[in-house]
Amino acid sequence: IIFAGLAVSIFMNCVGRSLWLDEAMLSYSFSERSLFELTSAVFEWDQNAPVLYLYFAKVMTLIFGNTEFVLRSVSILAMILTLFLTWYVAHYVFKLKYAIICSAFLANMNFILQYSNVFKQYLSECVWVLLVLVVYWFYREKKITFRPVILLYMIFIWGANPACFFIGGVLACEFIEGVVKKDRTQILNSLFFWLCCFPLQV
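Summarised in this report is the structure supplied together with it. Please read all numbers here as calculations on a predicted model, not as lab measurements. (Residues numbered from 1 in each chain as written. Predicted model: local features only at pLDDT ≥ 70, side-chain atom pairs only at ≥ 80, totals over all residues. Heavy atoms only, no water.)

Our focus in this paragraph is the overall build of the protein. The secondary structure content of the protein amounts to 10 helices and zero strands. For the protein, the sequential pattern of α-helices and β-strands runs α-α-α-α-α-α-α-α-α-α. Expressed along its principal axes, the backbone C-alpha trace of the protein runs to roughly 60 × 45 × 25 Å. The buried share of the protein, reckoned over its 202 residues, is 43%. Relative to all contacts within the protein whose residues are 6 or more apart in sequence, the contacts with residues 24 or more apart total 65%. Of the roughly 11,500 Å² that the protein leaves accessible, carbon and sulfur atoms contribute 70%. Put simply, the protein has 14 plus and 12 minus side-chain charges, and the middle of one group is 14 Å from the middle of the other. (Helix = DSSP H or I, 4+ residues; strand = E, 2+ residues; numbered from the N terminus. Buried < 20%, exposed > 50% of the residue type's maximum accessible area, 1.4 Å probe, protein only. Contact = heavy atoms within 4.5 Å. Areas by Shrake-Rupley, 256 points an atom, 1.4 Å probe, with all protein chains shown as cover. Lys, Arg positive; Asp, Glu negative; His and termini not counted. Charge placed at Lys NZ, Arg CZ, Asp CG, Glu CD.)

The following block contains the structure:
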């Protein structure tokens, strides 16, 4: 089912569809600017997208050409990563016996297939949100310390706006748990996380 979903997504991107209105409005400013001017000013027609998404897509177009296929290929790559990270979270974080079914479920969903074929950041946002959970799990399992978590979360904020809400949830959980346990170190760490990440969110 997963491979069938990916095959459908790739096939949909090979039929040569023109950009629809929302994609075209985003691609206008994107295509008019160089790599170094990409985020120098607000895009035309109130369009916006996460910084890391824009730069990754720009590098892709510089290498493979500025075509509809290449612009939408970023979302196909994001779909592949989303399916992998979904399996990883289901298997390692939630300990599900048949974790692969979660990925198969996503690969067969209509809106996932649709968003995997648009020049928009929707599926790439799924990747960053799942990475928030993976990094937090590494931290809870004591595989990394809080400093790498801070650094990674500061990067993730530039990858997706929804990541801010999940990072906020992580910090709230850490703070509340620290208060309940009367763990001063955990409370201070959560506040330090927030102080580092909040300016980037604003």
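So much for the structure itself; the text now carries on.
Oppositely charged side chains are able to pair whenever their charged atoms sit close together. Applying the stated criterion to the full structure yields two salt bridges. Taking the shortest distance from any N to any O, the salt bridge between aspartate 22 and lysine 120 comes out at 3.3 Å. Remark: lysine 120 occurs in the loop between helix 6 (110–115) and helix 7 (122–140) and aspartate 22 occurs in helix 2 (residues 21–32); sequence separation between them is 98 residues. (Salt bridge = Lys/Arg side-chain N within 4 Å of Asp/Glu carboxyl O.)

Running from amino to carboxyl end, helix 4 (residues 68–93) crosses helix 7 at an angle of 30 degrees, the nearest separation of the two axes being 8 Å. As summarised for this structure, helix 4 and helix 7 are arranged roughly parallel, according to the angle between their axes. Classified by chirality, the crossing of helix 7 by helix 4 is left-handed. Where helix 4 approaches helix 7, its residues Ser75, Ala78, Met79, Leu81, Thr82, Leu85, Thr86, Tyr88, Val89, Tyr92 and Val93 are matched on the opposing element by Leu123, Ser124, Cys126, Val127, Leu130, Leu131, Val134, Trp137 and Phe138. Taken together, the residues of the contact of helix 4 with helix 7 break down into 16 nonpolar, four polar and no charged. (Axes fitted to C-alpha atoms, helices over the stretch in contact; angles between N-to-C directions. Parallel < 35°, antiparallel > 145°, perpendicular 65-115°, else oblique. Left-handed = near helix turned anticlockwise from the far one by under 90°. Nonpolar A, V, L, I, M, F, W, Y, C, P; charged D, E, K, R; others polar.)

Moving on to the side chain of asparagine 117. Relative to the helices and strands, asparagine 117 resides in the loop between helix 6 and helix 7. Judged by its relative accessible area of 0%, asparagine 117 falls in the buried class. In contact with asparagine 117, not counting residues within four places along its chain, are Ser9, Met12, Asn13, Arg17, Glu23, Arg72 and Ser75.

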